[in-house]
Amino acid sequence: MDRITLTQYLLEQQRREGGISADLRLLIELVSRSLRTVSIHVGKIALADGAQRTGAPDTGSPTSSEIVAAANEIVLSENEWGGHLAAMASTEIAGTHPIPSRYPRGRYLLVFNPLDTEANVDVNISVGSTFSVLERPEGLDGGEKAFLQPGAQQKAAGYALYGPQTLLILTVGNGVVGFTLDREFGSWIMTQPSMQIPAKTQEFAINSSNARVWDEPIKRYIDELLAGRDGPRGEDFNMRWVASIVADVHRLLSRGGIFIYPRDKRDPRLPGRLRLLFEANPMAMIIEQAGGRASTGTQRILDLQPELMSQRVPVILGSANEVERLESYYAAA
């Protein structure tokens, strides 16, 4: 069987009617190469490769913050020279990162989280990177205002998962496709040509240690799941929680389920915990393109108008029927 590479897939997406632009294709290829480099970097943590990259003192294995800083620098440096971007935004920098004047500038904006859940790095649990691409609005440069677009305007979104295999999950608005890194040749090979989130599920992902501060709709929903076959749902459910949105979302994308990171009462000033631009929007686009649903509980995530680069929102996403059930509990509250 012929092996389809990421490049071949993107060329097909460019050639189809209403497909992606050549610049977007080339940009995604650059992003994928930078994520491949991050994968190598993460794999060498025990060899203190991160400390060497960041110039940190040679004191043994690098700290998790040094590892994330190095991953951030990899993505920035490997994407700024291609000529397709006007600016980038990262969870690890304040404001935005305009493309240096020594490089040509393009029409797109890259939003990324270089390494999700850095605490997992210390104990060798799967981590990942998220990214999305926006088009720079006419008349705006690469400043913050250009990035404040609803998620529905994303041109592409994806994540890399660094586990037993390194995976790249991607959507360009025409379904969701999965690629596996061939570490011997350095190529991304299509292994999941059409990912659809299963509608039927018996799994849910939530941090139950925060149960004391959940809203009533969340408590009602989780109590029903925990009641199992003796409760109103009439079946047993299993809880899974990796504390990495990339790992948790990938599991439910593969097996069905619901991921919940709700607003809680620990800090009334925070409307949620996950970042809209960097985490919620790219994951919401992927989930919707795979036939699922992504919501705050009261509103579709991709319809939200960002007001701040650092804006945080509650996130409920996964199998559509489960998300809709929880939304109905919010509506009835």
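Not measured: the values here are computed from a predicted model.

Asker: Quick question: what am I supposed to make of the overall build of the protein chain here?
Answerer: A count of helical and extended segments in the protein chain gives 9 helices and 15 strands. Rg of the C-alpha trace for the protein chain: 20 Å, near the compact-globule value of 20 Å for 333 residues, within the 12% margin. For the protein chain, the spread of C-alpha atoms along the principal axes amounts to about 60 × 55 × 50 Å. Counting across all 333 residues of the protein chain, residues that qualify as buried make up 55%. Look at the contacts in the protein chain between residues 6 or more apart in sequence, and 62% of them connect residues 24 or more apart. For the protein chain, the exposed area adds up to about 14600 Å²; of that, 47% sits on carbon and sulfur atoms. Averaging the locations of the 34 positively and 39 negatively charged side chains of the protein chain gives two centres separated by 2 Å.

Asker: Please explain the side chain of Asn72 as it appears in this structure.
Answerer: Checked against the element boundaries, Asn72 lands in helix 4 (residues 64-79). When near neighbours in sequence (up to four residues on either side) are disregarded, Asn72 contacts Ser90, Glu92, Ile93, Phe112 and Pro114.

Asker: Looking at this structure, how should I read the sheet that holds strand 6 (residues 166-171)?
Answerer: Within a beta sheet, neighbouring strands are joined by backbone hydrogen bonds and run either parallel or antiparallel to one another. One open sheet holds the 8 strands; their spatial order is 2-1-3-4-5-6-7-8, and the pairing between them is mixed. For this open sheet the edge positions go to strand 2 (97-98) and strand 8 (187-192), each flanked by a neighbour on one side alone. Across 5 bridges, strand 1 (residues 85-90) lies against strand 3 (residues 108-116) in parallel orientation. Across the sheet, Leu85 pairs through a bridge with Tyr108, a residue of strand 3. This element, helix 4, spans strand 1, strand 2 and strand 3 of the sheet and lies at about 155° to strand 3. On the sheet, helix 8 (residues 276-289) packs against strand 1, strand 3, strand 4 (127-135), strand 5 (156-162) and strand 6 and is oriented at approximately 100° with respect to strand 5.

Basis of the calculations
- Here, residues in each chain are numbered from 1, in the same order as that chain's written sequence.
- Predicted model: local features are reported for residues with pLDDT of at least 70 only, side-chain atom pairs are reported and counted for 80 or more only, and whole-chain, interface and lining totals are derived from all residues.
- Hydrogens and waters are ignored; side-chain quantities use all the structure's heavy atoms.
- Helix and strand definitions here come from DSSP, where helices need a minimum of 4 consecutive H or I residues and strands a minimum of 2 consecutive E residues; each element is numbered from the N-terminal end.
- As defined in this context, the radius of gyration uses C-alpha atoms, and a globule is described by 2.2 Å times the residue total to the power 0.38.
- The rule is simple: take the accessible area with a 1.4 Å probe, protein chains only, and divide by the maximum for that residue type; under 20% is buried, over 50% is exposed, in between is partly exposed.
- In this analysis, two residues are considered to be in contact whenever any of their non-hydrogen atoms come within 4.5 Å of each other.
- Exposure was quantified through the Shrake-Rupley algorithm and a 1.4 Å probe, taking into account, for residues, occlusion by the shown protein chains and nothing else.
- Only four residue types enter the charge count: Lys and Arg as positive, Asp and Glu as negative, with His and the chain ends excluded.
- Charged groups are reduced to one reference atom each: NZ for lysine, CZ for arginine, CG for aspartic acid, CD for glutamic acid.
- Here, strands pair whenever DSSP counts at least two bridges between them.
- Where helices are involved, their axes are fitted lines through C-alpha atoms of the stretch in contact, as for all axes, and angles between N-to-C directions lie from 0 to 180°.

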